[in-house]
Amino acid sequence: GIPSFVIISILTIFAIGPQYFINLSYTMNQQIIQNGLHFNSQFSLYPATLSNLAFALGVLLGPMIARNAGIRKHYLTCIFLFLCASILNVFAPNIVVLILGRVVQSLSAGMIFLTMLPISLRSFPGNIRNFFLFMIITGLFGSTAMGACFGSLSLNIDAWRWLFILNIFTSIICLIVGYFTFPKHKEHQK
């Protein structure tokens, strides 16, 4: 009973939004993470910088990979990678593992970015297509705002790993809904 454009919009926001969420949360929590993983301040910029570069690379690669693999397989694989990287970040024992997790998260979110936005836009009926832009922009900026709120909260409680647990929950939602939503036939996926 739920219109497909609403489901696709939710899948888009929950797939890309956590990247915006965790980017701002990480920026706010660099000092806590630095103290928790016992590394110098000179290394604190590496996870943020490398994850932003990975996101940009993912944006370039995503549409090409999706054309060859199909939307369903591409989406579910990227979400699964994001989930695995989030789990890795929850248990990261050092800065190298954290960097690896952040890079994989960003690369997978970037690969979904330019794949899902056109699909979402096409799924909206023409008469309410501007509503799509409102939903996506609100969702992505809302994710950034939530990153600031939860980042501030984590500063107050002096803990950061739980932020990646939130990414785990959004990934699981995307995997379940995406598995049952995207068509299984390859000709429909492209």
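This one's a predicted model, so the numbers in the text were calculated from it and none came from an experiment.

A. Structural view of the overall build of the protein chain. For the protein chain, the helix and strand inventory stands at eight helices and zero strands. The order of α-helices and β-strands along the protein chain, N terminus first, is α-α-α-α-α-α-α-α. For 190 residues, the compact-globule estimate of 2.2 N^0.38 gives 16 Å, and the C-alpha radius of gyration of the protein chain, at 17 Å, lies within 12% of that figure. Contacts spanning at least 24 positions in sequence make up 82% of the contacts within the protein chain whose residues lie at least 6 apart. In the structure as shown, the protein chain presents an accessible area of about 9,500 Å², 72% of it carried by carbon and sulfur atoms.

B. Geometry of the state of the cysteines. Scanning all chains against the criterion turns up zero disulfides. Free of any disulfide, Cys84 has its nearest cysteine sulfur in Cys78, 12 Å distant.

C. Spotlight on unusual backbone geometry. Of note in the backbone geometry, His38 takes a positive phi value of approximately 60° without being a glycine. Residue position: His38 is located in the loop between α2 (30-37) and α3 (45-69). Judged by relative accessible area, His38 falls into the exposed class, the value being 70%.

D. Structural detail: the packing of helix α5 (residues 95-123) against helix α6 (residues 129-157). Following both chains from N to C, one finds α5 and α6 inclined at 140°, their axes separated by 8 Å at the closest point. Here α5 lies oblique to α6, going by the angle between them. Contacts between α5 and α6 involve Leu117, Ser120, Leu121 and Arg122 from the former and Arg129, Phe132 and Ile136 from the latter. Classifying every residue of the contact of α5 with α6 by side-chain character gives four nonpolar, one polar and two charged.

E. Spotlight on the packing of aromatic side chains. Inspection of every chain in the model, using the stated rule, returns eight aromatic pairs. Measuring from ring centre to ring centre gives 5.0 Å for Tyr75 and Phe182, while their planes differ by 55°; the resulting arrangement is tilted. Here Phe182 lies in the loop between α7 (161-181) and α8 (186-189) and Tyr75 lies in helix α4 (residues 71-90), a separation of 107 residues in the sequence. For the pair formed by Tyr75 and Phe182, the shared burial category is buried. The residue whose ring lies beneath Arg72 is Tyr179, and the NZ or CZ to ring-centre distance is 4.6 Å.

F. Up close: the environment of Leu81. Residue placement: Leu81 occurs in helix α4. The exposure class of Leu81 is partly exposed, given its relative accessible area of 34%. The spacing of Leu81 and Phe182 is 101 residues in sequence and 18 Å in space, taken between C-alpha atoms. Aside from chain neighbours lying at most four places away, what touches Leu81 is Val104 and Ser108.

G. Quick peek at the side chain of Ser51. In this fold, Ser51 is placed in helix α3. By relative accessible area, Ser51 is classed as buried at 0%. Side-chain polar atoms of Ser51 contact the backbone oxygen of Ala48, separated by 3.0 Å. Among all residues touching Ser51, those that are not within four sequence positions of it are Asn23, Tyr46, Arg102, Val103 and Ser106.

H. Examining the side chain of Gln30 more closely. Residue position: Gln30 is located in helix α2. A relative accessible area of 17% places Gln30 in the buried class. Apart from the residues lying within four places of it in its own chain, the contact partners of Gln30 are Ser44, Leu45 and Ala48.

I. Up close: the confidence of the model for the protein chain. Of all residues in the protein chain, 97% attain a pLDDT of 70 or more, and the chain-wide mean is 87. The least confident element of the protein chain, judged by mean pLDDT, is α8 at 48; the most confident is α4 at 95.

Quick notes on the rules
Residues numbered from 1 in each chain as written. Predicted model: local features only at pLDDT ≥ 70, side-chain atom pairs only at ≥ 80, totals over all residues. Heavy atoms only, no water. Helix = DSSP H or I, 4+ residues; strand = E, 2+ residues; numbered from the N terminus. Rg over C-alpha atoms; globule rule 2.2 N^0.38 Å. Contact = heavy atoms within 4.5 Å. Areas by Shrake-Rupley, 256 points an atom, 1.4 Å probe, with all protein chains shown as cover. Disulfide = S-S within 2.5 Å. Buried < 20%, exposed > 50% of the residue type's maximum accessible area, 1.4 Å probe, protein only. Axes fitted to C-alpha atoms, helices over the stretch in contact; angles between N-to-C directions. Parallel < 35°, antiparallel > 145°, perpendicular 65-115°, else oblique. Nonpolar A, V, L, I, M, F, W, Y, C, P; charged D, E, K, R; others polar. Phe/Tyr/Trp six-rings, centres within 6.5 Å; stacked < 30°, edge-to-face > 60°. Lys NZ or Arg CZ within 6 Å of the ring centre and 35° of its normal. Polar contact = N/O pair within 3.5 Å; in protein donor to acceptor, adjacent residues only side chain to side chain. pLDDT = per-residue confidence, 0-100.

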